[in-house]
Amino acid sequence: MKQYNVTGMTCAACQARVEKAVTAVPGVESCAVSLLTNSMGVEGQAEPAAIIQAVKKAGYGASLQGEGRGSASQKPAEDALADRETPVLLRRLIWSVGFVAILMYVSMGHAMWGWPLPAVIAENPMAIGLIQMLLAAVVMVINQKFFINGVKGVLHLSPNMDTLVALGSGASFVYSTAVLFLMSADLVAGDVSGAFHRLHGLYFESAAMILALITVGKLLEARAKGKTTDALKSLMSLTPDRATVLRDGVEVVIPAAEVKKGDRFVVKPGERIPVDGVVLEGESAVDESALTGESVPVDKVVGSGVSAATLNRSGHLVCEATRVGEDTTLAGVIRLVSDAAATKAPIAKIADKVSGVFVPVVMTIALVAFGAWMLAGEEVGFAIARGISVLVISCPCALGLATPVAIMVGSGKGAKNGILFKTAESLELAGRVDTVVLDKTGTVTEGKPRVTDLHLEGDEATALQAIYSLEVMSEHPLSAAIVEHARETGLTALPVTGFKALPGRGLEGFVEGRMIRGGNRDLIQGYTAIPATALAAAEGYAKEGKTPLFFCADKEFLGVIAVADTLKTDSPAAIRNMRDMGLRVVMLTGDNQKTAAAIAREAGIDEESVIAGVLPDGKEEVIRRLQRHGKVAMVGDGINDAPALTRADVGIAIGAGTDVALDAADVVLVNSRLSDVPAAIRLSRATLRNIRENLFWAFCYNSLGIPLAAGVFVTLWGWELNPMFGAAAMSLSSFCVVTNALRLNLTNIRNPKTYRRKAKVYPPIEIQTKQEKESEETTMKKTMKIEGMMCPRCEAHVVKALKAIEGVTDAVADHKAGTAVVTLTAPVEDAVLKAAVEAEEYPVLGIE
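Definitions and cut-offs
Residues numbered from 1 in each chain as written. Predicted model: local features only at pLDDT ≥ 70, side-chain atom pairs only at ≥ 80, totals over all residues. Heavy atoms only, no water. Helix = DSSP H or I, 4+ residues; strand = E, 2+ residues; numbered from the N terminus. Contact = heavy atoms within 4.5 Å. Areas by Shrake-Rupley, 256 points an atom, 1.4 Å probe, with all protein chains shown as cover. Salt bridge = Lys/Arg side-chain N within 4 Å of Asp/Glu carboxyl O. Buried < 20%, exposed > 50% of the residue type's maximum accessible area, 1.4 Å probe, protein only. Pairing = 2+ DSSP bridges. Axes fitted to C-alpha atoms, helices over the stretch in contact; angles between N-to-C directions. Phe/Tyr/Trp six-rings, centres within 6.5 Å; stacked < 30°, edge-to-face > 60°. Lys NZ or Arg CZ within 6 Å of the ring centre and 35° of its normal.

Chemist: Hey, could you run me through the overall build of the protein in this one?
Modeler: Secondary structure summary: the protein contains 34 helices and 30 strands in total. A separation threshold of at least 6 residues defines the contact pool for the protein, and within that pool the share at least 24 residues apart is 71%. Accessible surface, the protein: about 37700 Å² in total, of which carbon and sulfur atoms supply 58%.

As structure tokens, then:
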């Protein structure tokens, strides 16, 4: 996705216009414009120049983000988010208020409350009218941007909010100027009292006050919008500008942007780490809360990895740079948050459609209101006031901002807590999930074996040292668990001779002249008798899903050591929280049923929700079957989880997992904690609720405000809206939406008592039998040759279109091969398949 800065947008109608213009450019696959950040994300093969030209033709400006900037130290992304709008609006408001105050004194203070005016003016209605006109004209010049943008919008056939404001204010000014001419006619005719009476028909104060109040709203909105990007800006500001590198053993301070991969750099206590690296010398505690949200510092020793922007709390570190510039972990986090803000959530589609036609519809309603009141016999001034009120109270911005502000705040809140949503859609869908499927190894468990139990005969220390000495010679994961345990107890390995690995059975070697053997029960029983107590202990370990390892020295039995992949400390609480939130929790693993059941019991997962012995392609099949009963989230960390992560409605990857899993996922958990899964779902639900509140307010405000302004309620209850109050309401509407979105920052996403729901009743999980699999393999398959697919997102569009066809049970698209394999359970005409894909604008070259 390429990011662009867009200038000149003032409301949701502008946003819709830019999106429509860019989407029409050949080669553009998708376009998402953000009114919040004045940016645009474009996917496809179209040239940037063509995209920028399309935006300019629509009446706006555009530039590729980072274009024309030199070094990374200038932080172009942070610069793009800088609030330049507020200072300009503040200056305009101060000048506007000064002149409006004088205008209100002359127009309303003197007429309504008898406030004094100089005698030369007080008795001259024409002078009073001219002063009002001049003061209003000054305010209109100060706020000329409304008129410039409004006229541009009309000229490009895309009227916007500024068009409404300009029409409302301009109509007030023109009508009042016409009244001034009538006033002069009265004075020429000698009708001074008639001329004074016409002062009540002047709307110069409305023309000026509308502009001042809208500017107040724009100022409040700009300040609030600036706060929605605080999380992103705080991340961008974390990287230090300078770094201390070693050059021929001498410390040299250089810009952090100039650090290269392989450079050795020094980090002193209290300094932030400039780039990602690995510790070569020293020990320290590093505060990683900026990236993970975890407040407890992490101990770093030689060989430990360090990340850019984290804070060195205590020791002196010498590190080697491994990832610099745009490749650092922090840069990746910023990129994910920015991309999420640049995409659109499905819930925003209704608001986008309304925003696209909002302004023309409002202009039509204003004209109809004016005409209706004129036909009803009302005075021209009353009818014009109704039309002006409709124009100035209408607010497309509230509709346009309802979703993106909540998405920006929500994704920023997630980033601060180590939860990264790649798209706005994933942030929305996570809250709609019904079932959470957990991979066992590395997700529910630690992902590496550990010693859980010891049953040793005789002197335990002596026996364990002999076992440790043998196991240290092996690279097997079970051996590594025993070695780690022995080292933690402070033992030292003894020399080993004649070491030999016995495939499928165990190990053997001489330690201090004694043959030490270790492995399964069959191996050891061939050399010595195993006591009944040891056999009973081993059987108990096996029932708990642990692996018992037997050991002997010559013909002397040494004991049994149980090794298992242990449960993560937060897994039981996390699973309990998910179940309290009304989610069905399913554990999916390739391990045997006994081991899986033991882990599930310990974690708090129902036995019927455990699916064991599943191969990687089988995991994807299980996800597909679960999707028949609702939205499914898959949580995993390994390469074998990638197909299931891709198939799931929301793929959640553990941060410590493989790059393949991270790429396939929609959400990344930086901390590798299972407790972040319910936290992510809570955040999504909070964001969804916030968006619904914003949309409800925006639709209700316009649905009630426009009829009120048009005078619909005048005949019923006598409710009449002054245009100035309409302008005040409009100025506050967007501010209310943005402020409501900021409340997300107060949400405690780790509170287990929030966002609880009653669990649904789910049917038993269907496991595919061998007969079903064979039957499925005999179903009809068709391969489609498709042109124009450029990325995984294109694949998703094609797959979605094909799956919507009755008779299609599955579709797998490959943009690299340019194909889509369609699985059918009933005959489907080639023409139907072709039409579905070409409706998404991907030409079909052939079907086999």
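There is more to say, and it comes next.
Chemist: Help me understand the pattern of salt bridges, please; the structure alone is not making it clear to me.
Modeler: In this structure the tally under the stated criterion is 26 salt bridges. Between K546 and E544 there is a salt bridge, with the nearest N and O atoms lying 2.8 Å from each other. For E544, a relative accessible area of 43% gives the class partly exposed. Its salt-bridge partner being E621, residue R624 comes within 2.8 Å of it at the nearest N-O pair. Taken together, the residues span about one helical turn, with R624 and E621 both in helix α26 (residues 616-626) at a distance of 3 residues.

Chemist: Is there a simple way to explain the environment of A32 in this structure?
Modeler: Looking at the secondary structure, you find A32 in strand β2 (residues 28-34). For A32, a relative accessible area of 9% translates into the label buried.

Chemist: Teacher, can you tell me more about the sheet that holds strand β30 (residues 844-847) here?
Modeler: Either a parallel or an antiparallel arrangement is found when strands of a sheet pair, and the pairing is made through backbone hydrogen bonds. Taken in spatial order, the 4 strands line up as β28-β29-β27-β30 in an open sheet, and their pairing is antiparallel. Strand pairing shows two members of the sheet lacking a second neighbour, β28 (808-814) and β30, which therefore form its edges. Averaged over all pairs of adjacent strands, the angle between strand axes in this sheet comes to 20 degrees, irrespective of strand direction. Inspection of the sheet shows β28 paired to strand β29 (residues 819-824) by 6 bridges, in the antiparallel sense. Looking at the pairing, A813 lines up with A820 of β29. Contacts between helix α33 (residues 792-803) and the sheet are confined to β27 (780-786), β28 and β29, with β28 contributing the most and set at about 160 degrees to the helix.

Chemist: Sorry, what's going on with the packing of aromatic side chains here?
Modeler: We describe a pair of aromatic rings using the distance from one ring centre to the other and the angle between the two ring planes. Tallied over the full model, the rule gives 4 aromatic pairs. Ring centres of W95 and F99 lie 6.4 Å apart, and the angle between their planes is 20 degrees; on these two criteria the pair is classed as stacked. One end of the pair, W95, and the other, F99, are both in helix α4 (residues 85-113), 4 residues apart, so they sit about a helical turn from each other. Under the relative-accessibility criterion, F99 is labelled partly exposed at 24%. A ring pair is formed by W697 and Y701, whose centres lie 5.7 Å apart and whose planes are at 35 degrees; its orientation type is tilted. Residue W697 and its partner Y701 are both found in helix α29 (residues 676-710); the two are separated by 4 residues, about one turn of the helix. Assessed through its relative accessible area of 36%, W697 is described here as partly exposed. You can call Y701 buried: its relative accessible area is 10%. Over the aromatic face of F382 sits the side chain of R386, whose NZ or CZ is 4.7 Å from the ring centroid. Lying over the aromatic face of Y527, R517 brings its terminal NZ or CZ to 3.6 Å of the ring centre.

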